Amino acid sequence: MGMDFAPPKYAQVMRTIQERIESGEYAPGDMLPSETQLVRELGVGRTTVVRALQTLAMQGWIEREHGRGSFVKGRPQSPAESVRPSLSTTEQGESADAVLEAGRVPAPRHVARLLGVAEGSPLIARKRVARQADVISAVETIWVPLEHARHRPGQARTSAAGHSPASPVAQAPALRPHH
């Protein structure tokens, strides 16, 4: 006895709307049919349509305006497209909870070799979580030679938590080795 599971109805509604956006039937800037029209056309309940529209808005497919309706934004960028590769991770900005650890550490052999410093030399190691649309996309360790991490006039000091997007560590040139 085979058990086939269909996706939830709201996911089916989402897929239908996504396909219409991708095909050009709903173009960027177009107003989507009203919730009532979608309920009738797709044969589902209003809560199903509302949940599908809310999820599409969170994913960047549409924009909802209270009292006006839902408007097509288009296919959202993939996480790889939404971050400009020319920017280093520290230049892209981060949420306040992105830094897991930051502090002074002796340079491990493999990092020291890559940075051209002696093994055991003082470095700042900064371990952070990168997020794309609130989904963890990477955990990175950034190694910064201490001479690049010193506070410079005109820069903000680090926060009480020991890090800040404007901190000297965040501004310093950094190496992110592949682990």
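Here, every reference points to the structure presented above.
Now for a look at the structure at hand. No experiment lies behind these values; they were computed from the predicted model shown.

This part takes up the overall build of the protein chain. Per the secondary structure count, the protein chain includes seven helices and five strands. Mapped in sequence order, the helices and strands of the protein chain form the string α-α-α-β-β-α-β-α-β-β-α-α. When the 179 residues of the protein chain are sorted by exposure, 33% land in the buried category. Sequence separation of 24 or more characterises 48% of the internal contacts of the protein chain that already satisfy a separation of 6 or more. When the accessible area of the protein chain is evaluated, it comes to approximately 11500 Å², of which 52% is carbon and sulfur surface.

This part is about a nonpolar patch on the surface. On the surface, a cluster of nonpolar side chains totalling about 280 Å² of accessible area is made up of Leu 100, Ile 136 and Val 139. Exposure remark for Leu 100: the relative accessible area of 49% places this residue in the partly exposed category.

Turning next to the nonpolar core. Counting residues in hydrophobic clusters, the biggest one holds 15 residues, and the most contacted among them are Ile 17, Ile 21, Tyr 26, Leu 32, Leu 53 and Ile 62. Looking at this core, the elements that each hand over two or more residues are helix 1 (9-23) and helix 3 (46-59). Filtering out sequence-adjacent residues up to four positions away, Ile 62 remains in contact with Ile 21, Leu 32, Leu 53, Leu 56, Ala 57, Ser 70, Phe 71, Val 72 and Lys 73. Counting residues in hydrophobic clusters, the runner-up holds six residues, among them Val 111, Leu 123, Ala 125 and Trp 143.

A few words on the pattern of salt bridges. Considering all chains together, one arrives at eight salt bridges under this definition. Put simply, Glu 22 and Arg 75 hold a salt bridge, and the shortest N to O gap is 2.6 Å. With Glu 22 in helix 1 and Arg 75 in the loop between strand 2 (69-72) and helix 4 (79-82), this pair connects stretches of sequence that are 53 residues apart. Residue Arg 46 is joined to Glu 35 by a salt bridge in which the shortest nitrogen-to-oxygen separation is 2.8 Å. With Arg 46 in helix 3 and Glu 35 in helix 2 (residues 35-42), this residue pair connects regions lying 11 residues apart in the sequence. For Arg 46, a relative accessible area of 55% puts it in the exposed group. Via salt bridges that share partners, Arg 15, Glu 19, Glu 22 and Arg 75 belong to a single interconnected network.

Another aspect to go through is the packing of aromatic side chains. Taken as a whole, this structure holds zero aromatic pairs when the rule is applied. Geometry around Tyr 10 places Arg 51 over its ring, the cationic atom sitting 3.8 Å from the centre.

Next up on the list: the packing of helix 1 against helix 3. Their axes nearest at 8 Å, the elements helix 1 and helix 3 cross at an angle of 55 degrees. Taken as axis vectors, helix 1 and helix 3 run oblique relative to one another. Note that helix 1 runs across helix 3; the crossing there is right-handed. On helix 3, the residues that touch Lys 9, Tyr 10, Val 13, Met 14, Ile 17 and Gln 18 of helix 1 are Thr 48, Arg 51, Ala 52, Leu 53, Thr 55, Leu 56 and Gln 59. Classifying every residue of the contact of helix 1 with helix 3 by side-chain character gives seven nonpolar, four polar and two charged.

Definitions and limits used
- Residues numbered from 1 in each chain as written.
- Predicted model: local features only at pLDDT ≥ 70, side-chain atom pairs only at ≥ 80, totals over all residues.
- Heavy atoms only, no water.
- Helix = DSSP H or I, 4+ residues; strand = E, 2+ residues; numbered from the N terminus.
- Buried < 20%, exposed > 50% of the residue type's maximum accessible area, 1.4 Å probe, protein only.
- Contact = heavy atoms within 4.5 Å.
- Areas by Shrake-Rupley, 256 points an atom, 1.4 Å probe, with all protein chains shown as cover.
- Patch = residues over 30% accessible without salt bridge, like charges linked within 9 Å, V, L, I, M, F, W, Y side chains within 5 Å.
- Salt bridge = Lys/Arg side-chain N within 4 Å of Asp/Glu carboxyl O.
- Core = buried A, V, L, I, M, F, W, Y, C linked by side-chain atoms within 4.5 Å.
- Phe/Tyr/Trp six-rings, centres within 6.5 Å; stacked < 30°, edge-to-face > 60°.
- Lys NZ or Arg CZ within 6 Å of the ring centre and 35° of its normal.
- Axes fitted to C-alpha atoms, helices over the stretch in contact; angles between N-to-C directions.
- Parallel < 35°, antiparallel > 145°, perpendicular 65-115°, else oblique.
- Left-handed = near helix turned anticlockwise from the far one by under 90°.
- Nonpolar A, V, L, I, M, F, W, Y, C, P; charged D, E, K, R; others polar.

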